[in-house]
Amino acid sequence: MYLLLCAGLDVKYNNITDEGVGHLAELLQEESSALRCLDLMFNDILADGAEILSKSLQCNSTLLSLRLSGNKIGNRGAMHLASMLQVNNTLRELELADCDLFTQSVIALTIVLKSNRTLRSVDISRPLLFSHQEEWAVHCSEMLAVNGSLVELHLGKMGMTDTGMERLTEGLRLNRSLRFLDLRCNRVTRDGVKHLAEVLKQNPTLEIIDLSSNRIEDEGAAYLSEAITWPGCTLKELSVNSNNIRTEGLLSLTQALKANTTLTHIYIWGNHVEEPVCQAFRELMSSGRLLPEQTDVSPYEVDGRVFLAEVFQNLRRHYYSTDSSETETCSVSNPAPSPDSTFPQLTENQDPVPLQPC
């Protein structure tokens, strides 16, 4: 009876198997079930469990959020979920990162999203893609060109190259709904970012982009800086952590921050931070243009020289969320950090640790 009245169930990081999923599926099929959010991340659910969930969700009209990241449901399990999305018109959030999806199931999910008008947030990061032709990017681009409901898309660890980015931006140019685009941990260089920068000049909706752990270098940072200063650019938050950017590129980003007040959050740690960059960020922060809680570096001075220390603050991991009371939200400011964030957050009484001198 308690579970029937439960609106949110968080059982991630347990040992739930396909058998356990069967019991949850029975709950989802109950007419009196009030369950809105189900978090099953990093359990032991395989393809059979995904099939059971998919069948139960075909006739379920209450569940809004399903998180399955970290379960090795594989290609077959993801294909069942794609079939379910052709019927289900309630689900708003679906997380399938690190689920060992293959090219076939990734393409199937993007094809379904052409007609699905209810999903707001999708995460298909870190699939197992063995083809170098990036067919998935073509289908994803075609989906973005016609989908008018998706606001958050996670494409991290897809092995995306500049060619894939070029294909993806063809659809982004026509999209008017996406707010958050996660492209971290790919193989994008300056050439791929050039295409993305051109989109930022034209797209009136993109607000948050995560490009961390790519390799855009100085020229890529310059392309982004030009786009940020372009009239009408709506970008509010940008992460370029670990992109082999040096002084020239980082300084171009600081100049862009001065010219455009729309961009409020920027994350740069992991690049080649030298003293001119340290001074530029100190000026931005001392002037109030960049708030300490909206970046991942903090300036300090030793013997007349300015350095930057790392602060454990990262770009938000989510934009859209559905809470257990069935309220849909698209947050406009940095929310509280997720409990499963990679790094611990800095508290008020902690001092930043100087790890990267200039």
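The preceding data block contains the structure.
A few points on the structure. Just so it is clear, the structure is predicted and the values come from calculations on it, not from any experiment.

What counts as what
- Residues numbered from 1 in each chain as written.
- Predicted model: local features only at pLDDT ≥ 70, side-chain atom pairs only at ≥ 80, totals over all residues.
- Heavy atoms only, no water.
- Salt bridge = Lys/Arg side-chain N within 4 Å of Asp/Glu carboxyl O.
- Helix = DSSP H or I, 4+ residues; strand = E, 2+ residues; numbered from the N terminus.
- Buried < 20%, exposed > 50% of the residue type's maximum accessible area, 1.4 Å probe, protein only.
- Pairing = 2+ DSSP bridges.
- Axes fitted to C-alpha atoms, helices over the stretch in contact; angles between N-to-C directions.
- Phe/Tyr/Trp six-rings, centres within 6.5 Å; stacked < 30°, edge-to-face > 60°.
- Core = buried A, V, L, I, M, F, W, Y, C linked by side-chain atoms within 4.5 Å.
- Contact = heavy atoms within 4.5 Å.
- Parallel < 35°, antiparallel > 145°, perpendicular 65-115°, else oblique.
- Nonpolar A, V, L, I, M, F, W, Y, C, P; charged D, E, K, R; others polar.
- Left-handed = near helix turned anticlockwise from the far one by under 90°.

**A look at the pattern of salt bridges**
Okay, so step 1: One pass over the full model with this rule turns up 27 salt bridges.
Okay, so step 2: Note that Arg76 and Asp48 form a salt bridge whose closest N and O atoms lie 2.8 Å from each other. Within this pair, whereas Arg76 is found in helix 4 (residues 74-85), its partner Asp48 is found in helix 3 (residues 47-57), the two being separated by 28 residues in sequence.
Okay, so step 3: Using a relative accessible area of 42% as the deciding quantity, one classes Arg76 as partly exposed.
Okay, so step 4: Arg305 is paired through a salt bridge with Glu275; the nearest N and O atoms lie 3.5 Å apart. Of this pair, Arg305 sits in strand 12 (residues 305-310) while Glu275 sits in helix 11 (residues 275-286), and the two are 30 residues apart along the sequence.
Okay, so step 5: By relative accessible area, Arg305 is classed as partly exposed at 37%.
Okay, so step 6: If you follow the salt bridges from partner to partner, you end up with Asp48, Glu51, Lys55 and Arg76 in one network.

**Some details on the sheet that holds strand 3 (residues 65-67)**
Okay, so step 1: Strand order in the open sheet formed by ten strands is 1-2-3-4-5-6-7-8-9-10, with parallel pairing between adjacent strands. Each edge of the open sheet carries a strand with a single partner, namely strand 1 (8-10) and strand 10 (265-267). For this sheet, the mean inter-axis angle between neighbouring strands, taken without regard to orientation, is 5 degrees.
Okay, so step 2: Inspection of the sheet shows strand 6 (residues 152-154) paired to strand 7 (residues 180-182) by three bridges, in the parallel sense. When the sheet's bridge partners are listed, His154 is paired in strand 7 with Asp182.

**Here we look at the packing of aromatic side chains**
Okay, so step 1: The tally for this structure, following the rule as stated, stands at three aromatic pairs.
Okay, so step 2: With 6.1 Å between their ring centres and 75 degrees between their planes, Phe102 and Phe130 make a pair best called edge-to-face. You can see Phe102 sitting in the loop between strand 4 (93-95) and helix 5 (103-112) and its partner Phe130 sitting in the loop between strand 5 (121-123) and helix 6 (135-146), a full 28 residues away along the chain.

**Some thoughts on the nonpolar core**
Okay, so step 1: Formed by 92 residues in total, the largest nonpolar core has its most connected members in Leu38, Trp136, Leu155 and Leu238.
Okay, so step 2: When sequence neighbours within four positions are dropped, the list of residues in contact with Leu38 reads Leu9, Leu24, Leu28, Leu53, Leu63, Ser65, Leu66 and Arg67.

**A closer look at the pairing of strand 11 (residues 297-302)**
Okay, so step 1: Alignment of strand 11 against strand 12, held across six bridges, turns out to be antiparallel. Its bridge partner being in strand 12, Ser298 is matched across the sheet by Ala309.
Okay, so step 2: The turn linking strand 11 back onto strand 12 is made up of two residues, and Asp303 within it adopts a positive phi angle of 55 degrees.

**Quick notes on the packing of helix 3 against helix 4**
Okay, so step 1: Where helix 3 contacts helix 4, the axes come no closer than 8 Å and their chain directions differ by 5 degrees. When the axes of helix 3 and helix 4 are compared, the pair comes out roughly parallel. Counted together, Ala47, Asp48, Ala50, Glu51, Ser54 and Leu57 of helix 3 and Arg76, Gly77, His80, Leu81 and Met84 of helix 4 form the full contact between these two elements.
Okay, so step 2: Residue composition of the contact of helix 3 with helix 4, by class: five nonpolar, three polar and three charged.

**A closer look at the environment of Glu237**
Okay, so step 1: Mapped onto the fold, Glu237 is located in strand 9 (residues 237-239).
Okay, so step 2: Taking the relative accessible area as the measure of exposure, Glu237 reaches 2% and is therefore buried.

**Quick word on unusual backbone geometry**
Okay, so step 1: Phi angles above zero are rare outside glycine, and Asp100 is one such case at about 60 degrees.
Okay, so step 2: Position of Asp100 among the secondary structure elements: in the loop between strand 4 and helix 5.

**A short note on the environment of Tyr223**
Okay, so step 1: Along the chain, Tyr223 turns up in helix 9 (residues 217-228).
Okay, so step 2: In this structure the C-alpha to C-alpha distance between Tyr223 and Val193, which are 30 residues apart in sequence, comes to 7.1 Å.
Okay, so step 3: Not counting chain neighbours up to four residues away, the residues in contact with Tyr223 comprise Arg190, Val193, Lys194 and Ala197.

**Here's the deal with the packing of helix 10 (residues 247-259) against helix 11**
Okay, so step 1: Relative orientation of the contacting elements helix 10 and helix 11 amounts to 15 degrees, with a least axis distance of 9 Å. Relative to helix 11, the element helix 10 is oriented roughly parallel. In this structure, helix 10 meets helix 11 at a crossing whose hand is left-handed. On helix 11, the residues that touch Thr247, Leu250, Leu251, Thr254, Leu257 and Lys258 of helix 10 are Pro276, Val277, Ala280, Phe281, Glu283 and Leu284.
Okay, so step 2: Here the contact of helix 10 with helix 11 is built from residues that sort into eight nonpolar, two polar and two charged.

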